[in-house]
Amino acid sequence: MGSQRSAQWYAGTDRNAYIHRAWMRRGLPAHAFDGRPHIAIANTASDLAPCNTHLNEVAESVKQGVWEAGGVPLNLPVVSLGETLVKPTAMLWRNMAAMAAEELLRANPVDATVLLGGCDKTIPALLMAAASVDLPAVVVPGGPMLTGTFRGEPLGCGTDVWRLSEEVRAGTLSEQAFLASESSMIRSRGHCNTMGTASTMACVAEALGMTIPGVAGTPAADSRLLESAHAAGRLAVEMAAEDRRPSRVLTRGSFRNAIVALAAIGGSTNAVVHLLALAGRLGVELGLDDFDRLGSGVPLLVDLQPAGRHLMEDLHRAGGLLAVLREVEDLLDPEASTVTGDPLVKYLVGARIWDETVIRRRAEPLREHAGIAVLRGNLAPSGAVIKPAAASPHLLRHRGRAVVFDSVEDLRARIDDPGLDVDESSVLVLRGCGPRGYPGMPEVANVPLPAKLLKQGVRDMVRICDGRMSGTAYGTVVLHTAPEAAAGGPLGIVENGDPVVLDVAARCLDLDVPADDLARRRPSAAMTAAFAAPLRGWERLYIDHVMQADQGADLDFLIGSSGSKVSRDSH
Ligand code: FES
């Protein structure tokens, strides 16, 4: 019997080893327990996570790779989250999914794991789990769906839903035409095909070094995904033999690479929260300001929705993430390693751009400075973020009067009220949407514009929220404002008519109200009543322990790695 972790269950001739082996036989030969590595396929396939339903087929290819390399593959269904379905918001359950996967991997005879994710929260949760249990792990991103078309035009999953629904509200598109596009939106298996959160997190996982380099962005329907899954199965066996754990791959240098990649691809702001949470699990020092310091000067090179025109299938055809990273190689950490044991930069040597309309050359970027800007001021003492690439340039420096909404329900009830005191220079403030306040920090920060302004042709306004924004959305939206209103943040005392000053170049977000006046204000009873905590269940645990957005909205007791050692053995 070898020195694998699983030998703690299977080695020996005593009754316990007998039981562990016997219950696992069911077709497995005796040599399955001779010390070869047992590889868990942490699989988020679920009929209720439609972007991940194909992962069972991907798992079959992983299994073949594991067998071929001399390991034993074991399918391990883990908590899955379908972004479009799960209520009140999938983010409420990310930490639960991460915690459950971590505990299952630790509790079972597992030597390494292949992580199968796709839809928004699934890859972040799996990465957090793998980091905490610190077992050798490789991610296989499930891949984006193929490009759908409607009336001869490509349809971007997510981004075009926002655009078309706004057109309906503006009266420039009929509801009938809008509904006719529904069956064209999802052309194939896979996750959203814009540079939304799922595509972003697949690219980020690759930049972190946690995938086989070159895999991220392979469409779900592309046969090369199954080939990569097979290779990942083989690699997991090698990683188990070499004890190549996430703590050896995920260093500060790999987070640097992830931040550079995030900027160059124009990735989702959600990656900020997920990367902060992941770093917290590993004990890697990473703060909100690192995103600005390392990423804001990076040029935007990928012309994908929502910041640009194309879709993920185009990015893959044009050369994929490695071709993008080659353009900014000097900004990457040359030492940062990958799951293969080789540094990420080694894989850039053969990377090429095949279509410069999709991946721009460094000398001709889509924008000079693409990354995420971190704002501070008396409205966001712990920070807030904005994605300038998705914003309107003329609004990046703006002063306007606040129109305040206490909750999503309040917003829905009043936003289209013809009597709402709002004009295009107003600043829409939505609070009560942070990690604790909602709870779960939903993607509502891209507040819909008032219908009466849409009808006047207004297409963007400054919006401020303590929640998140869908990675497929766009607009001049300040989000992740911390501390949130429910945690006593200043967003909770903004009043209608207060002058708000946004200056992205100066990284400022302020309420231009005398400090004495602000000190006298108290949150309204209506707003605090909305934050009454539930008495039981996950929501109770979550509200009691969730940290703010600038700390990744993880639970405070999950900071740091616990490792793979089991605490007690009752057998
Ligand atoms: Fe699953 Fe967008 S809804 S990735």
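Reading the values: the criteria
Residues numbered from 1 in each chain as written. Predicted model: local features only at pLDDT ≥ 70, side-chain atom pairs only at ≥ 80, totals over all residues. Heavy atoms only, no water. Helix = DSSP H or I, 4+ residues; strand = E, 2+ residues; numbered from the N terminus. Buried < 20%, exposed > 50% of the residue type's maximum accessible area, 1.4 Å probe, protein only. Contact = heavy atoms within 4.5 Å. Areas by Shrake-Rupley, 256 points an atom, 1.4 Å probe, with all protein chains shown as cover. Lys, Arg positive; Asp, Glu negative; His and termini not counted. Charge placed at Lys NZ, Arg CZ, Asp CG, Glu CD. Core = buried A, V, L, I, M, F, W, Y, C linked by side-chain atoms within 4.5 Å. Pairing = 2+ DSSP bridges. 1 Å grid on protein atoms, 1.4 Å probe; cavity = no way out; pocket = protein on both sides within 12 Å on 5 of 7 lines; lining within 4 Å. Points joined across faces, edges and corners; volume = space filled by probe spheres on them. Nonpolar A, V, L, I, M, F, W, Y, C, P; charged D, E, K, R; others polar. Phe/Tyr/Trp six-rings, centres within 6.5 Å; stacked < 30°, edge-to-face > 60°. Lys NZ or Arg CZ within 6 Å of the ring centre and 35° of its normal. Patch = residues over 30% accessible without salt bridge, like charges linked within 9 Å, V, L, I, M, F, W, Y side chains within 5 Å. Salt bridge = Lys/Arg side-chain N within 4 Å of Asp/Glu carboxyl O. Axes fitted to C-alpha atoms, helices over the stretch in contact; angles between N-to-C directions. Parallel < 35°, antiparallel > 145°, perpendicular 65-115°, else oblique.

Now for the overall build of the protein. Helix and strand content of the protein: 21 helices and 14 strands. Counting only C-alpha atoms and orienting by the principal axes, one finds that the protein spans roughly 80 × 55 × 45 Å. Buried residues in the protein amount to 62% of all 571 residues. Here the contacts in the protein between residues at least 6 apart in sequence split such that 76% fall between residues at least 24 apart. Total accessible area on the protein is roughly 21,800 Å²; 51% of this is exposed by carbon and sulfur atoms. The protein carries 56 positive and 66 negative side-chain charges, and their two centres are separated by 3 Å.

With 143 residues, the main nonpolar core has V114, L116, L208, M210, F255, L278 and L428 as its most contacted residues. When residues no more than four places from it in sequence are discounted, the contact partners of L428 are V403, F405, I415, V422, V447, P448, L449, P450, M461, V462, R463 and I464. Counting residues in hydrophobic clusters, the runner-up holds 30 residues, among them L396, V427, I493 and M527.

In this section: the environment of T159. Tracing the backbone through its elements, the reader meets T159 in helix α6 (residues 159-170). For T159, a relative accessible area of 5% gives the class buried. Remark: the alpha-carbon pair of T159 and G471, spanning 312 residues in sequence, is separated by 8.6 Å. Discounting chain neighbours no more than four positions away, the residues touching T159 are T194, Q305, P306, T472 and Y474.

Turning to the pairing of strand β13 (residues 499-503), a few remarks are in order. Most of β13 sits out of view: four of its five residues are buried. As defined by bridge partners, strand β9 (residues 397-405) adjoins β13 across five bridges and the pair is classed as antiparallel. Residue pairing for β13: R397 is matched across the bridge by D503. As paired elements, β13 and strand β14 (residues 508-511) share four bridges and run antiparallel to each other. Bridging across to β14, V500 finds its partner in L511. In sequence, β13 turns back onto β14 through a hairpin of four residues, with R507 there showing a positive phi of about 60°.

Of the voids in this model, the second largest pocket is the one considered here, and its volume is about 300 Å³. Along the walls of the second largest pocket sit 13 residues, with W9, A107, V566, R568 and D569 positioned nearest its centre. Those elements giving two or more residues to the lining of the second largest pocket turn out to be α1 (7-10) and α4 (91-107). Its residues assigned to classes, the lining of the second largest pocket comprises four nonpolar, six polar and three charged.

With that settled, the discussion passes to empty space enclosed by the protein. Taken as a whole and judged by the stated rule, the model has three cavities of 30 Å³ or more. Elements with a contribution of two residues or more to the lining of the largest cavity: α12 (252-265) and α14 (288-295). Among the elements that make up the lining of the largest cavity, the one with the highest residue count is α12 (three residues). The residue inventory of the lining of the largest cavity, partitioned by class, reads seven nonpolar, four polar and one charged. Broken down by secondary-structure element, the contributors of at least two residues to the lining of the second largest cavity are α4 and α5 (122-133). Across the lining of the second largest cavity, the residue classes tally to eight nonpolar, three polar and one charged.

Moving on, we come to the packing of aromatic side chains. For any two aromatic rings, the description comes down to two numbers: the centre-to-centre distance and the angle of the planes. Here the structure, examined in full by the defined rule, presents two aromatic pairs. Their ring planes at 45° and their centres at 6.3 Å tell us that W538 and Y542 sit as a pair that is tilted. Here W538 and its partner Y542 are both found in helix α21 (residues 537-545), four residues apart, which amounts to about one turn of the helix. Comparing W538 with Y542 shows no difference in burial state: the two are buried. The ring of Y347 is capped by K346, whose NZ or CZ atom sits 5.6 Å from the centre of that ring.

This next bit is on a nonpolar patch on the surface. There is a patch of nonpolar side chains on the surface, built from Y18, I19 and W23 and spanning about 360 Å² of accessible area. In this structure, W23 sits in helix α2 (residues 15-25).

A separate point is the packing of α5 against helix α13 (residues 270-282). Here α5 crosses α13 at 10°, and the two axes come no closer than 8 Å. The angle between the axes of α5 and α13 places the two elements in the roughly parallel class. Taken together, the residues of α13 that come into contact with α5 (itself represented by P124, L127, M128, A131 and S132) are H274, A277, L278, R281 and L282. Class assignment for the residues of the contact of α5 with α13 results in seven nonpolar, two polar and one charged.

Next up on the list: the pattern of salt bridges. For the structure shown, the criterion picks out 37 salt bridges. A salt bridge links E102 to R281, with the shortest nitrogen-to-oxygen separation between them at 3.7 Å. On the criterion of sequence distance, the pair formed by E102 in helix α4 and R281 in helix α13 is long-range, its members being 179 residues apart. Overall, R281 belongs to the buried group, its relative accessible area being 0%. A salt bridge links R317 to D314; the nearest nitrogen and oxygen atoms lie 3.0 Å apart. One end of the pair is R317 and the other is D314, both in helix α15 (residues 312-317) and three residues apart, which spans about a single turn. Through salt bridges with shared partners, one network takes in E102, E103, R106, R281 and D554.

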